[in-house]
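Topology and contacts: notes
Single-letter residue listing:
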Amino acid sequence: MTALLVSVTSAAEAAAAVEAGAKVIDAKDPTAGALGALPPDTVRAIVAAVAGRVPVSAAAGDAPDVDAAAALADTGADYVKVPVGRGEAGAAALSAFGAALGARTKLVAVFAADREPDLDLVDTAAAAGFAGVMLDTVEKGAGLLDATDLAEVARFVAAGHRNKLLVGLAGSLRVVDVGTLLPLQPDLVGFRGGVCVDGDRRKALDPARVRAVATAIAVHAARRLAGA
Ligand SMILES: O=C[C@H](O)COP(=O)(O)O
């Protein structure tokens, strides 16, 4: 079943998100970019608040070096998310992160749907020892399906699963996107803006919106099991 990942900025938001139905807590600073990193101490506080109830991921920043990602791996977060470039430089970065951190944490490579993502690098991420891949957007506001089309998203999910990777989809998703994306069977759908006050990712988390997305996912899964 597809799990709901919710990006949070604090221990208090993490606790509220878990109680509202989030199945992965993603530590992120939305004011610092698409993959904005929180300070390691804040990530540690989030890990403590979640207390093992669900996995925690930590965004490493829009242009992290290995040391920055390593500092997040040391917080106790289960996953560390790093951005993916393109071509040879992108492949080299994936290999460097994998070699330095692949044995210390579960790395997730985040592909930018609105920057002509290089889907060949899904294979590279797997070969470099990554545990997962996500397709997300850099520019926020317009959603994943404005940045790319459903066929491309399906290709991404298939490429990840062919490589036995965890596959996540995100990018200004709204509750209405659940019914469109879940038939592709991603392992995760990631939300920030869509579960915040006024739909604004820089504002506070709104637990009612988290609950609405969690319910939509559960309803979709139940329909699927029933063959509807
Ligand atoms: O990893 C998931 C992201 O935090 C999604 O953020 P967003 O919904 O604001 O695009």
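Worth saying up front: this structure is predicted, and the values here are computed from it rather than measured. (Residues numbered from 1 in each chain as written. Predicted model: local features only at pLDDT ≥ 70, side-chain atom pairs only at ≥ 80, totals over all residues. Heavy atoms only, no water.)

1. Looking at the sheet that holds strand β1 (residues 3–8)
As summarised here, the arrangement of the 8 strands in space is β1-β2-β3-β4-β5-β6-β7-β8, forming a closed barrel in which the pairing is parallel. Looking at each pair of strands side by side, their axes are set apart by 25° on average, direction ignored. Taken together, the 4 bridges between β1 and strand β8 (residues 188–191) define a ladder with parallel strand orientation. Across the sheet, V6 pairs through a bridge with F191, a residue of β8. Where helix α9 (residues 207–225) meets the sheet, its contacts fall on β1 and β8, and the angle it forms with β1 comes to roughly 165°. (Pairing = 2+ DSSP bridges. Helix = DSSP H or I, 4+ residues; strand = E, 2+ residues; numbered from the N terminus. Axes fitted to C-alpha atoms, helices over the stretch in contact; angles between N-to-C directions. Contact = heavy atoms within 4.5 Å.)

2. Points about the pairing of strand β6 (residues 132–136)
With 5 of 5 residues buried, β6 lies mostly within the body of the structure. Here β6 shows a buried face lined by G132, M134 and D136 and a second buried face lined by V133 and L135. Summarising the sheet, strand β5 (residues 106–112) and β6 pair through 5 bridges and their orientation is parallel. Along β6, the bridge assignment pairs A109 with V133. (Buried < 20%, exposed > 50% of the residue type's maximum accessible area, 1.4 Å probe, protein only.)

3. With respect to the site of the ligand
Taken together, 15 residues are adjacent to the ligand, and S7, K28, K140, S172 and R201 come closest. For the ligand, an oxygen atom lies 2.7 Å from a polar atom in the side chain of K28. Taking R192, its main chain carries an N or O atom lying 2.9 Å from an oxygen atom of the ligand. In isolation the ligand offers 310 Å² of accessible surface; the protein chains occlude 100% of this area. Elements with a minimum of two residues in the shell around the ligand: β1 and β8. (Near = heavy atom within 4 Å. Polar contact = N/O pair within 3.5 Å; in protein donor to acceptor, adjacent residues only side chain to side chain. Areas by Shrake-Rupley, 256 points an atom, 1.4 Å probe, with all protein chains shown as cover.)

4. Structural notes on the UniProt feature "active site" (unreviewed entry) in the protein chain
Following the UniProt record, one finds the feature "active site" (unreviewed entry) at K28 and K81. Look at the named residues: they lie 54 residues apart in sequence, but the longest C-alpha span between them is just 9.9 Å, so in the fold they bunch up. Within the element layout of this structure, K28 appears in the loop between β2 (24–27) and α2 (40–50). Beyond its immediate sequence surroundings of up to four residues, K28 is in contact with S7, V8, T9, A34, L35, G36, L38, A59, K81, D136 and R201. Turning to its location among the elements, K81 is positioned in strand β4 (residues 79–83). (UniProt positions renumbered as here; feature names shortened; annotations may be inferred.)

5. Notes on unusual backbone geometry
Unusually for a residue other than glycine, A51 sits at a positive phi of about 50°. Position of A51 relative to the elements: it lies in the loop between α2 and β3 (56–59). Given a relative accessible area of 57%, A51 falls into the exposed group. Phi is positive for S172, which is not a glycine, with a value near 45°. Within the secondary structure, S172 is located in the loop between β7 (166–170) and α8 (178–181).

6. Let's talk about the environment of V122
Relative to the elements of secondary structure, V122 occurs in helix α5 (residues 120–127). For V122, a relative accessible area of 0% translates into the label buried. Along the backbone, V122 and Q185 are 63 residues apart, and their C-alpha atoms lie at a distance of 17 Å. Ignoring any residue separated from it by four or fewer positions in sequence, one finds V122 in contact with F111, V133, F156, A159, G160, N163 and L165.

7. A short note on the packing of aromatic side chains
Evaluated as defined, the whole model comprises 1 aromatic pair. For the ring pair F111 and F156, a centre distance of 5.3 Å and an interplane angle of 70° mean the geometry is edge-to-face. Placement of the pair is F111 in strand β5 and F156 in helix α7 (residues 150–162), with a sequence separation of 45 residues. Given a relative accessible area of 2%, F111 falls into the buried group. (Phe/Tyr/Trp six-rings, centres within 6.5 Å; stacked < 30°, edge-to-face > 60°.)

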